[in-house]
Amino acid sequence: MSFKPSPVVPPLTRPQLSEARRVRAAELFGQERPGAEIARMLGVSEESVRRWRRVWEEGGADGLRRRPATGRPPKLDDAQVERVRTALERGAQAHGFEADLWTLERVGAVVTRVTGVALSKTSVWRLLAGRLGWSLQRPERRAVERDESEIARWIAHEWPRIKKGW
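Computed from a prediction, not measured in an experiment: that's the story for all the values here.

(A) Quick peek at the packing of helix 5 (residues 104–115) against helix 6 (residues 121–131). For the pair helix 5 and helix 6, the least separation of the axes is 9 Å and the interaxial angle reads 85°. One way to sum up the angle between helix 5 and helix 6 is to call them roughly perpendicular. Facing Leu104, Glu105, Val107, Gly108 and Val111 of helix 5, the residues of helix 6 in contact are Lys121, Val124, Trp125, Leu127 and Leu128. Among the residues making up the contact of helix 5 with helix 6, the classes are represented as 7 nonpolar, 1 polar and 2 charged.

(B) Broad picture of the pattern of salt bridges. Overall, the coordinates contain 15 salt bridges when judged by the stated rule. Of the charged contacts, one joins Lys121 and Glu105 as a salt bridge, the two residues approaching to 2.8 Å between their closest N and O atoms. Of this pair, Lys121 sits in helix 6 while Glu105 is found in helix 5, placing the two residues 16 residues apart along the sequence. On the accessibility criterion, Glu105 (47% relative accessible area) is partly exposed. Of the charged contacts in the structure, one is a salt bridge between Glu148 and Arg142, with a shortest N-O distance of 2.9 Å. For Arg142, a relative accessible area of 46% puts it in the partly exposed group. Connected through salt bridges with shared partners, the residues Glu140, Arg142, Arg146 and Glu148 form a single ionic network.

(C) Structural view of the nonpolar core. Core analysis: the largest hydrophobic core is formed by 19 residues, its most contacted members being Leu88, Trp102, Leu127 and Leu128. Elements represented by at least two residues in this core include exactly helix 4 (78–89), helix 5 and helix 6. The next biggest cluster of nonpolar side chains, apart from the first, holds 10 residues, and it includes Ala26, Ile38, Leu42 and Leu64.

Rules behind the numbers
- Residues numbered from 1 in each chain as written.
- Predicted model: local features only at pLDDT ≥ 70, side-chain atom pairs only at ≥ 80, totals over all residues.
- Heavy atoms only, no water.
- Axes fitted to C-alpha atoms, helices over the stretch in contact; angles between N-to-C directions.
- Helix = DSSP H or I, 4+ residues; strand = E, 2+ residues; numbered from the N terminus.
- Parallel < 35°, antiparallel > 145°, perpendicular 65-115°, else oblique.
- Contact = heavy atoms within 4.5 Å.
- Nonpolar A, V, L, I, M, F, W, Y, C, P; charged D, E, K, R; others polar.
- Salt bridge = Lys/Arg side-chain N within 4 Å of Asp/Glu carboxyl O.
- Buried < 20%, exposed > 50% of the residue type's maximum accessible area, 1.4 Å probe, protein only.
- Core = buried A, V, L, I, M, F, W, Y, C linked by side-chain atoms within 4.5 Å.

Remember, this is a structural readout, not a statement about activity or role.
Here it is in structure tokens:
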């Protein structure tokens, strides 16, 4: 299992997409569009549009914006996350690991080394997928003895001969 950074612009998270959808609905409410049309345009149920309209009528577009998360704050602040990102982008071998593959255990060790904060495997996963925007990448399993030129020769010469026998 390894992790690879996503493209330069990280994709929007699910909460960000939901907020963008609600804000767009508020714009459409201002244009006095029917609820069914708004639901179709945004790909949501009409009930969601009715609920959003009630909130919009009471508090305006700000009522539809995302509220800050409640609960315990994250163990790593934004500056620490950026230090971790920089460290991880150098590769696993730069941190003394034999193979250049990241595992949750390895990332956790680097996080502890860089920030002094120990994270559980679950928290490491949330850091990678949620805050860094990385995704799971699995290496292809291939035999060490695999000979690509021999495979190409077999496909070009042997397979057509065998297939003709059918």
